[in-house]
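Report on the structure
Listed below are the residues making up each chain.
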Amino acid sequence: MDTERLKRNWAEVAAHGDQVPLFFYSTLFLAHPHLRDMFPLGMANQRDKLLAALGQVVSHVDDLDAVVPVLQQLGRDHRRFGVVRDHYPAVGQALLATLEHFSSEWTPELARDWAAAYDRVAQVMLAAADAAGEMPPWWHGTVTAVDRRAAGIAVLTVRPHAPLPYLPGQSVAVEVPTRPRLWRWYTPATLPASDGSFELHVRLVPGGQVSPALVMATQVGDVLRLGAPVGTDLVLDDGTRDLLLIAGGTGLAPFKAIMSQLAHQRSTRFAHLYWGGRTQRDLYDLAAMRHLCESHSGLRLVPCVSDEPPSGDVAGGTAVDVALREADWRDHEVYVCGSPEMVRATRDRLLAAGIPRDQVHLEAFGNQETAT
Amino acid sequence: MTDPSVGTPPQPTHRLTPERVRSMRFGRTPIGRRGLNEEEVAQFQERVAAELAERDAAEAALRAKVEHYKRSLIQWQREHSNDPYGEPATGGPAVVQPTVEAVNILSRAQQEADAYIAQTQQYCRQLADEAHAHAEQLLAEARAQAEQMLAEPMRLAKEAASVDVADLADLERRLTWARSFIASLEAVEAQLRTAREALAYEFDRAARVPAADRRAG
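A brief report on the enclosed structure follows. Keep in mind it's a predicted model, so treat the numbers as computed, not measured. (Residues numbered from 1 in each chain as written. Chains lettered and ligands numbered in written order. Predicted model: local features only at pLDDT ≥ 70, side-chain atom pairs only at ≥ 80, totals over all residues. Heavy atoms only, no water.)

Now for the overall build of chain B. Each helix and strand counted, chain B has four helices and zero strands in total. When the helices and strands of chain B are listed from N to C terminus, the series reads α-α-α-α. Relative to its full complement of 217 residues, chain B shows a buried share of 21%. A sequence separation of at least 24 residues applies to 77% of the contacts in chain B between residues at least 6 apart. (Helix = DSSP H or I, 4+ residues; strand = E, 2+ residues; numbered from the N terminus. Buried < 20%, exposed > 50% of the residue type's maximum accessible area, 1.4 Å probe, protein only. Contact = heavy atoms within 4.5 Å.)

Laid out in structure tokens, this is it:
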């Protein structure tokens, strides 16, 4: 396989930008119309993702082992979209037709190399999908409670119909029946209750396609679809350092689950949670968080508001400002979750304060809605 | 869930797509510094995205023409050669491929659907932002009004504390005043709640539009 030639060819093809995935999907759907129903109505975001994924794979085509973990995750992920073994050749044909269409020089050798590379990728994805075969491709979950709180935030309680094993800090993809094929990531905010149910904290993103439906239109009894739990960034390390947790808005969710876990295990690790919002109305789960922190001596909560004067135990300033004002955290593991802007700003402040990079764990949410 | 914009710089080789133009969000200027008119920025983004899509479609149409001429040429050559049943110029497996024209028609339809969805979302976002700003303003006004209304009885109450208790009737009158003030505050609150519910209803309706379109189509 001439990998340099493949890379050169991809550079030529990719220079056509959005036209490439447009051509690919149209070819795929015309040749196999039944596949169209596996995709959402709007395809713009889907096309960008495909182009990025292809670029990532091709840039590693001479060392595909390096992208194996990514491909395995893709393979497992695609089970929830209903992708099965039979679909892979159809995609391969459409991909080759697309590459040929955008290439100035298309030779049988090039076609053979692309087919071989695609085959390798498909095998890795399929093997991972097969290995995950014992897990359902998705779960159904009934909404058993809807608690709409101030500032466009809803706390949903969801009971999966079969056990859904997740670690505190992991996320699950969620699909609402009224928005088919559109999946968004949310983090269970509690440990599973005795019936397996857990809380999801959903913030309404104005103009988003899924969160308005989740926050405003979800009713008790609605059945959601849930994907397999993923993510390791916010899963607690097994070290012994004490913890500094910094959350913005609904970025509280993973930390509520993690703190519940620490309380449940009677852990000796101390956890300080700095939870920030613009105003007190943004701190939508204060009562429950206070109650949780009273249940275990190793948990401490500092609510912070940036656009209002401090009052009572609510401190003034952004969460990271308040945390850095109060103490030196260089011997702590630090976890951050919030909007992309909040995570970026918080990370910069933490590193500037001398906290080693490998002790800072980040996860950003929010772009998934604004980006569609 | 990990956001690619955190930590990793954008790939320079990545050509701009309409979706990337539309989903670009700009940071807010620090308080006290004047920023751009968000509505104008959004309108411009939409225009750039539409022109990008237009350009993509035009290029696709040109390639379809080239493809068409190529096929015509091959056929002409075959018809005018001595061996009309010879091997076609391009080999490969006999997979039924849709024509480039068909592919382009479907692509165009998809691009239009994407643009409609993007415009609807932008409209929802604008509506929500305006409603939010309006609500904040109402709250601020109500708060200022309440403070103003409270100032007078507070001053009188302070005086009353120092004055002889004999003026019980006056105190009674102030109490009635305070009660009617609280009642008017409750009325304002009820008004705000009604407005919020109406907004929520409108919002929900707007949020349902794409699903309804899908059913209708």
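Okay, the interface of chain B and chain A next. Taken together, the contact pairs 47 residues of chain B with 55 residues of chain A. Taken together, both faces of the contact between chain B and chain A bury some 4,500 Å²; the carbon and sulfur share is 56%. Taken together, chain B and chain A are joined by three salt bridges. Across the salt bridge formed by Arg47(A) and Asp114(B), the nearest N and O atoms sit 2.9 Å from each other. Across the contact surface, chain B and chain A share 13 residue pairs in polar contact (both at pLDDT 80 or more). Looking at the side of chain B that touches chain A, the elements with two or more residues in it are helix H1 (18-23), helix H2 (38-80), helix H3 (100-162) and helix H4 (168-216) of chain B. Class assignment of the residues belonging to the side of chain B that touches chain A gives a composition of 19 nonpolar, 13 polar and 15 charged. (Buried area = accessible area lost by both parts, 1.4 Å probe. Salt bridge = Lys/Arg side-chain N within 4 Å of Asp/Glu carboxyl O. Polar contact = N/O pair within 3.5 Å; in protein donor to acceptor, adjacent residues only side chain to side chain. Nonpolar A, V, L, I, M, F, W, Y, C, P; charged D, E, K, R; others polar.)

What follows covers the sheet that holds strand S1 (residues 139-149) of chain A. Residues and elements named next belong to chain A. Strand order in the open sheet formed by six strands is S4-S3-S6-S1-S2-S5, and the pairing between neighbours is antiparallel. The sheet terminates laterally at strand S4 (184-186) and strand S5 (198-203), the two strands that pair on one side only. Within the sheet, the average angular offset between the axes of one strand and its neighbour, ignoring direction, is 45°. Across eight bridges, S1 lies against strand S2 (residues 153-160) in antiparallel orientation. (Pairing = 2+ DSSP bridges. Axes fitted to C-alpha atoms, helices over the stretch in contact; angles between N-to-C directions.)

Attention shifts here to the sheet that holds strand S7 (residues 243-248) of chain A. Residue and element names in this part refer to chain A. Pairing within the open sheet is parallel, and its six strands lie in the order S10-S9-S8-S7-S11-S12. Each edge of the open sheet carries a strand with a single partner, namely strand S10 (315-316) and strand S12 (360-364). Bridge analysis of S7 against strand S8 (residues 271-277) gives six bridges, and the strand direction is parallel. Opposite Ala-247, over in S8, you have Trp-275 as the bridge partner. Across the sheet, helix H8 (residues 252-264) lies against S7, S8, strand S9 (299-305) and strand S11 (333-338), angled at about 150° from S7, the strand it touches most. Helix-sheet contacts for helix H11 (residues 340-352) involve S7, S11 and S12, and the interaxial angle to S11 is about 155°.

Right, let's talk about the environment of Ala61(B) for a bit. Looking at where Ala61(B) falls in the secondary structure, it is placed in helix H2. Sequence spacing of Ala61(B) and Ile105(B) is 44 residues, and the spatial spacing of their C-alpha atoms is 9.4 Å.

Residues and elements named next belong to chain A. Counted residue by residue, S7 has six buried out of six residues, so it is predominantly covered. Each parallel crossover has a hand, and for S7 linked through H8 to S8 it is right-handed. The sheet contact formed by S7 and S11 spans five bridges and is parallel. Bridge assignment links Ile-246 to a residue of S11, and that residue is Val-336. (Right-handed = clockwise from strand over helix to strand, strands pointing away.)

Here we take up a negative patch on the surface. Residues and elements named next belong to chain B. Side chains of Glu-39, Glu-40, Asp-129 and Glu-130 sit close together on the surface and give a patch of like negative charge. The set of elements that each furnish at least two residues to the negative patch consists of H2 and H3. Here Glu-40 lies in helix H2. (Patch = residues over 30% accessible without salt bridge, like charges linked within 9 Å, V, L, I, M, F, W, Y side chains within 5 Å. Areas by Shrake-Rupley, 256 points an atom, 1.4 Å probe, with all protein chains shown as cover. Lys, Arg positive; Asp, Glu negative; His and termini not counted. Charge placed at Lys NZ, Arg CZ, Asp CG, Glu CD.)

Attention now moves to the packing of helix H2 (residues 19-31) of chain A against helix H3 (residues 44-59) of chain A. Residue and element names in this part refer to chain A. One way to put it is that H2 packs onto H3 with a least axis distance of 9 Å and a crossing angle of 105°. Relative to H3, H2 is oriented roughly perpendicular. In this structure, H2 uses Val-20, Pro-21, Leu-22, Phe-24 and Tyr-25 to contact H3, whose residues at the interface are Gln-46, Arg-47, Leu-50 and Leu-51. Taken together, the residues that form the contact of H2 with H3 break down as seven nonpolar, one polar and one charged. (Parallel < 35°, antiparallel > 145°, perpendicular 65-115°, else oblique.)

Among the nonpolar cores identified, the biggest contains 42 residues, and Trp10(A), Phe24(A), Tyr25(A), Leu28(A), Phe29(A), Leu71(A) and Trp114(A) are the most heavily contacted of them. Mapped by element, the contributors of at least two residues to this core are helix H1 (3-14), H2, H3, helix H4 (68-78), helix H5 (87-102) and helix H6 (108-131) of chain A together with H3 of chain B. When residues in this core are grouped by element, the largest group, nine residues, is from H6(A). The residues contacting Tyr25(A), other than those within four sequence positions of it, are Phe39(A), Met43(A), Gln46(A), Arg47(A) and Leu50(A). Counting residues in hydrophobic clusters, the runner-up holds 28 residues, among them Leu234(A), Ala247(A), Leu286(A) and Met289(A). (Core = buried A, V, L, I, M, F, W, Y, C linked by side-chain atoms within 4.5 Å.)

To continue, consider the packing of aromatic side chains. Residues and elements named next belong to chain A. All told, the structure shown has nine aromatic pairs over all chains when counted by the stated rule. Between Tyr-274 and Trp-329 the ring centres are 5.7 Å apart and the planes differ by 80°, which places this aromatic pair in the edge-to-face class. Here Trp-329 lies in the loop between helix H10 (319-326) and S11 and Tyr-274 lies in strand S8, a separation of 55 residues in the sequence. Both residues of the pair, Tyr-274 and Trp-329, count as buried. Each member of the aromatic cluster is reached from another via a ring pair, and the members are Phe-24, Tyr-25, Phe-29 and Phe-39. (Phe/Tyr/Trp six-rings, centres within 6.5 Å; stacked < 30°, edge-to-face > 60°.)

All names here are of chain A. Compared with an ideal rise of 1.5 Å per residue, which puts 12 residues at 16 Å, H1 spans 16 Å between its outermost C-alpha atoms and is within 8% of the ideal. Of the residues making up H1, those classed as buried are Thr-3, Leu-6, Asn-9, Trp-10, Val-13 and Ala-14. Summarising the axial view, the buried residues of H1 lie within an arc of 125°, below the 170-degree limit, and thus occupy one face. Lining the buried residues of H1 we find H2, H3, H5 and H6. Where H1 starts, the residue carrying a side-chain oxygen 3.3 Å from the main-chain nitrogen of Glu-4 turns out to be Asp-2. (Expected span 1.5 Å × (residues − 1). Arc of directions from axis to C-beta.)

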